[in-house]
Amino acid sequence: MHDVQNEFDKRGIEIDQVGIAGLRYPLVFNDGVLHQPAVATASVTVRLQADRRGTHMSRMVALVHEHFQDFDPRQLPQILKAGVHLLDAPGIELSLTFPITTKTTAPASREESCLVHDVTLTAALTERACKVTTSVLSEVTSVCPCSKKISDYGAHNQRSRVTLSVNGSGDDPYPLTLSDAVEIVRNSGSAPVVPLVKRPDERVLTMQGYENPVFVEDMARHISAECRNRNLLHRVQVVNLESIHSHNAVALVVAE
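Residues numbered from 1 in each chain as written. Predicted model: local features only at pLDDT ≥ 70, side-chain atom pairs only at ≥ 80, totals over all residues. Heavy atoms only, no water.

Digging into the overall build of the protein chain
When helices and strands are tallied, the protein chain shows six helices and nine strands. For the C-alpha atoms alone, the extent of the protein chain along its principal axes is close to 80 × 35 × 35 Å. Buried positions account for 44% of the 256 residues belonging to the protein chain. For the protein chain, long-range pairs separated by at least 24 residues make up 64% of all intrachain contacts whose partners lie at least 6 apart in sequence. (Helix = DSSP H or I, 4+ residues; strand = E, 2+ residues; numbered from the N terminus. Buried < 20%, exposed > 50% of the residue type's maximum accessible area, 1.4 Å probe, protein only. Contact = heavy atoms within 4.5 Å.)

Here it is, written out as structure tokens:
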């Protein structure tokens, strides 16, 4: 059959990105530590040469189907190279968003429950380099140090949404596992978020938070310091969903 996409385009304009977005597709995440199935939302785009009328989007779905049945993020440079070859393109970008779960144990009752974290992996390959960014969003509890200091008793607390993004390269595309990233985030707050708590657990977590108050700035610096100790290029964003204010509190550290 005639390949319309491969027709010559005389306008001479290169397209920076063209492809598919919003593709929901099953995968099995397997980084050697976690091994979990998930449904991901994927996008695949390529840079299209000036003389090409179109790209082959069906091949992008085929790329996802072939390489994400058992997906190891350490193989992203090879997956991108396969995509460039399959699509005959000078550059390619790929994005995956999906949840992972980790088990957590309540501090007093020892009840187990699962905590969900949102993950985004983005990867790009050009003639110059391969860049991979792994982001994980998780939640902790934070207690305000100022509130504790000025109050006769008690202190306001809130959930904090923390996003840690770590940059990798073709030589080391996945320098920090998702499990380690979650652990760094969960250690940054006043107390962890635990889905299943009994009354004895609530007592322990409340007192733990009260004894360990942290500002939004403290959490961002703590996570950044942990990443710097590991020589990681990173970005940290902390959002406090404030409980007594009509605004949220935010902090951002970029060390890329």
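Considerations on the nonpolar core
Core analysis: the largest hydrophobic core is formed by 57 residues, its most contacted members being Phe29, Leu96, Phe98 and Leu164. Not counting the four nearest positions on each side in its chain, Leu96 is found in contact with Leu27, Ala40, Thr41, Ala42, Phe68, Phe71, Val119, Thr120 and Leu121. (Core = buried A, V, L, I, M, F, W, Y, C linked by side-chain atoms within 4.5 Å.)

Concerning the environment of Ala129
With respect to the helices and strands, Ala129 occurs in the loop between β4 (112–125) and β5 (130–143). We classify Ala129 as partly exposed; its relative accessible area is 43%. Along the chain, Ala129 and Gly91 lie 38 residues apart, while their C-alpha atoms are 9.9 Å from each other.

A look at unusual backbone geometry
For Asp88, which is not glycine, the phi dihedral falls at a positive 50°. With respect to the helices and strands, Asp88 occurs in the loop between α2 (76–87) and β3 (92–105). Residue Asp88 is classed as partly exposed on the basis of its relative accessible area of 43%. Even without glycine at this site, Arg110 takes up a positive phi of about 65°. Considering the arrangement of structural elements, one finds Arg110 in the loop between β3 and β4. Owing to a relative accessible area of 54%, Arg110 belongs among the exposed residues under this scheme.

What about the pattern of salt bridges?
Under the criterion given, the structure shown has six salt bridges. Put simply, Arg52 and Asp88 hold a salt bridge, and the shortest N to O gap is 2.6 Å. Taken as a pair, Arg52 in the loop between β2 (35–48) and α1 (57–67) and Asp88 in the loop between α2 and β3 lie far apart in primary sequence, 36 residues in all. On the accessibility criterion, Arg52 (22% relative accessible area) is partly exposed. The shortest N-O distance in the salt bridge between Asp72 and Arg74 comes to 2.8 Å. Overlapping salt bridges bring together Glu14, Arg47 and Glu127 as one network. (Salt bridge = Lys/Arg side-chain N within 4 Å of Asp/Glu carboxyl O.)

Some words on the environment of Ala106
Tracing the backbone through its elements, the reader meets Ala106 in the loop between β3 and β4. You can call Ala106 buried: its relative accessible area is 0%. It is 21 Å that separates the C-alpha atoms of Ala106 and Asp118, two residues lying twelve residues apart in sequence. Apart from residues lying up to four places away in sequence, Ala106 is in contact with Glu111, Val194, Leu196 and Asp201.

Structural notes on the side chain of Asp72
Looking at the element boundaries, Asp72 is found in the loop between α1 and α2. Separated by 2.8 Å, the side chains of Asp72 and Arg74 make a polar contact. Ignoring anything within four residues of it in the chain, the contact list for Asp72 reads Asn30 and Asp31. (Polar contact = N/O pair within 3.5 Å; in protein donor to acceptor, adjacent residues only side chain to side chain.)

Concerning the pairing of β5
A regular strand carries its side chains on alternate faces of the sheet. For β5, the buried fraction is high: twelve of the 14 residues fall into the buried class. Sheet analysis places β4 next to β5, joined by eight bridges and oriented antiparallel. Counterpart to Thr122 in the pairing with β5 is Thr133. Here β4 folds back onto β5, and the loop between the two strands holds four residues. Judged from the two bridges that link them, β5 and strand β7 (residues 191–192) form a sheet pairing that is antiparallel. Among the inter-strand pairings, Thr141 is bridged to a residue of β7, identified as Ala191. (Pairing = 2+ DSSP bridges.)

Points about the packing of α1 against α2
A packed helix pair is summarised by two numbers, namely the angle formed by the two axes and the spacing between the axes. Interaxial distance between α1 and α2 falls to 10 Å at its minimum, and their mutual angle equals 150°. The angle between the axes of α1 and α2 places the two elements in the roughly antiparallel class. When the axes of α1 and α2 are compared, the crossing they make is right-handed. From α1, Arg59, Met60, Leu63 and His67 reach across to α2, where they touch Ile79, Ala82, Gly83, Leu86 and Leu87. A class-by-class count of the residues in the contact of α1 with α2 yields six nonpolar, two polar and one charged. (Axes fitted to C-alpha atoms, helices over the stretch in contact; angles between N-to-C directions. Parallel < 35°, antiparallel > 145°, perpendicular 65-115°, else oblique. Left-handed = near helix turned anticlockwise from the far one by under 90°. Nonpolar A, V, L, I, M, F, W, Y, C, P; charged D, E, K, R; others polar.)

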